[in-house]
Amino acid sequence: MFDPEKFVNKAIEDLKEAISGTAVIACSGGVDSTVAAVLVARAIGDRLYGVHVDTGYMRKNESEDVAELLRDMGVNLQVAIAGEEFSEALKGAVEPEAKRKAIGHTFIRIFERYAKEIDAKYLVQGTIAPDWIESGGDLRDVIKSHHNVGALPEDMDMSLVEPLRDLYKDEVRKVGRYLGISIAEKQPFPGPGLAIRIIGEATLEKAEIVREACFIVEDELEKAAEAGKMEIPWQYFAVLTSAKTVGVQGDVRAYGHTVAVRAVQSIDGMTAAYSKVPHEVLEKISIRITNTMPGKINRVVYDITNKPPGTIEWE
Ligand code: XMP
C-alpha cells in the first residue's frame, strides 16, 4: 500500500542531499509539476525558482490561475509569455512526434535562458512512471515520446531531478492531497498542451478554436456532473481534427472543421475506457460549440475508443 507520508519524508531527505545549488522548475499547472514544485520547495525553499511558460497552447485562463495558485503556495514564480516562440517552432510540423520534439526543445531553451539568469544547476521535472515507460525507458517500444522525457536536447547543461518518476498518477494525487495542494483532483493535462489536440499544424489561430472547445467540454461535463446526471470523467477535452466537412449555416453552405469530444475513465492513464456520457449532455456540447464558433466548426463527433487500442490523446 502506497504511503504518501513516507514517500514525502524520504523524497525531502533525498532532495536536500541531491540539490546543492539553485534549481529551476517548469510549472505547467498540471498535477505532476505542481506536486513536484511543492515537494522540492519544501526541501530547498527559495533556492527553487519556478517558471510558468505560457506557450500559447494553454487552456482558457490557465496561465493566470496557475500563477496565482503557485504564488499563493509560496513558490517563487515567473511567467514567460512565449506563444510566438512556440508557434514559430511548430511551423510546418504535422507529424505528432515532430510536434512533441519541437515543443520539448522550445521548452528547454526557454528554461535554459531562465536558468542561466538565476545560475541554476538543476532542472526539476514532474515526470511520472507512465511517461518514461511509454517513452521506451523500459524494454517497451516507443508509443509516444512524452515531451518531458523524449525531447531533451543532448547539450542540456543542468542535472535532471525527477522526484516523482517512480509514481503512477493515483499516487501523485495522494501525495498532492497529503501536501495540501488544492488542485490535486484536477484532470491531467499533457505537457505539450493544446498543440497535440490540434491534428496537423498547430497554429495559434487553431489553438484559439480548440481552447474554446475544450472550455465548453469542461464546463458542460462539470455542470452535468454537479447536477447528478453523470460521474465526472477522469479526463475530458476536445480535439480539433483535420477533417473539414460540409454543413449549412442559415441557408448557406458552410465548409468547416470537425471537433471530436473525448472523455475517458481511467485510474492511471495506462488504460482507459471511453465515458458513457448521456446523449443529452453530448447534444448540449455539440450545440454550444457550433453556436459559439459559427463558420469555423460545423460538426462535432464523440470518440468511443478505449485505450488500448487508442490512446487518450489523439496524438
Ligand atoms: P495517452 O494519450 O498516451 O495519454 O494515452 C496518457 C496520459 O498522459 C497524458 N499525456 C502527456 N502528459 N506529456 C505529459 O506530461 C506528454 O507528452 C503527454 N502526452 C499525453 C494524457 O493527457 C493522458 O492523461
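Every chain's residues receive numbers from 1 upward, in the order its sequence appears when written. For a predicted model such as this one, the threshold for reporting local features is a pLDDT of at least 70, and the threshold for listing and counting side-chain atom pairs is 80 or more; totals across whole chains, interfaces and linings nevertheless cover every residue. Side-chain metrics in this entry use all non-hydrogen atoms of the structure; hydrogen atoms and water are not considered.

### With respect to helix 8 (residues 169–178)
Turning to helix 8, its buried residues number three or more, namely Lys169, Glu171, Val172, Arg173, Val175 and Gly176. Residue contacts are counted whenever heavy atoms from the two residues lie within 4.5 Å of one another. By the criteria applied, helices consist of DSSP H or I runs no shorter than four residues and strands consist of E runs no shorter than two, each listed in order from the N terminus. Structurally, helix 8 contributes buried residues whose contacts are with helix 1 (4–18) and helix 2 (31–44). One or two residues past the end of helix 8 sits Gly180, with phi positive at roughly 80 degrees. Each residue gets one of three labels from its accessible area relative to the maximum for its type: buried under 20%, exposed over 50%, partly exposed in between, using a 1.4 Å probe on protein chains only.

### Here we look at a negative patch on the surface
The grouping of Glu64, Asp65, Glu68 and Asp72 at the surface amounts to a negative patch. For Glu68, a relative accessible area of 51% puts it in the exposed group. Patch rule: a residue counts if its relative accessible area is over 30% and it has no salt bridge; like charges are joined within 9 Å, and nonpolar side chains (Val, Leu, Ile, Met, Phe, Trp, Tyr) within 5 Å. Reported accessibility uses the Shrake-Rupley method at a 1.4 Å probe radius. Residues are deemed covered only where the shown protein chains occlude them. A side-chain nitrogen of Lys or Arg and a carboxyl oxygen of Asp or Glu constitute a salt bridge if their distance falls within 4 Å. Here the positive residues are Lys and Arg and the negative ones are Asp and Glu; neither His nor the chain ends is included. For this purpose, a charge sits on NZ of Lys, CZ of Arg, CG of Asp or CD of Glu.

### Here we look at the pattern of salt bridges
What the rule picks out here adds up to 19 salt bridges. Here Glu62 ties to Arg59 by a salt bridge, and the two come within 2.7 Å at their closest N and O atoms. Classification of Arg59 as buried rests on a relative accessible area of 11%. Linking Asp303 and Arg262 is a salt bridge whose minimum nitrogen-to-oxygen distance equals 3.3 Å. On the criterion of sequence distance, the pair formed by Asp303 in the segment after strand 9 (297–302) and Arg262 in strand 7 (residues 252–265) is long-range, its members being 41 residues apart. Neither residue differs from the other here; Asp303 and Arg262 are each classed as buried. Counted as one network, the salt bridges with shared partners bring together Asp219, Glu220, Lys223 and Arg288.

### Digging into the side chain of Asp32
If you trace the backbone, Asp32 turns up in helix 2. Classification of Asp32 by relative accessible area gives buried; the value is 12%. Any N or O atom pair separated by 3.5 Å or less is treated as a polar contact, with the protein-specific requirement of one donor-capable and one acceptor-capable atom, and with residues adjacent in sequence counted only for side-chain atom pairs. In terms of polar contacts, Asp32 uses its side chain to reach the side chain of Lys169, at 3.1 Å. Excluding its chain neighbours within four sequence positions, the residues that come into contact with Asp32 are Gly126, Ile128, Leu164, Lys169 and Val172.

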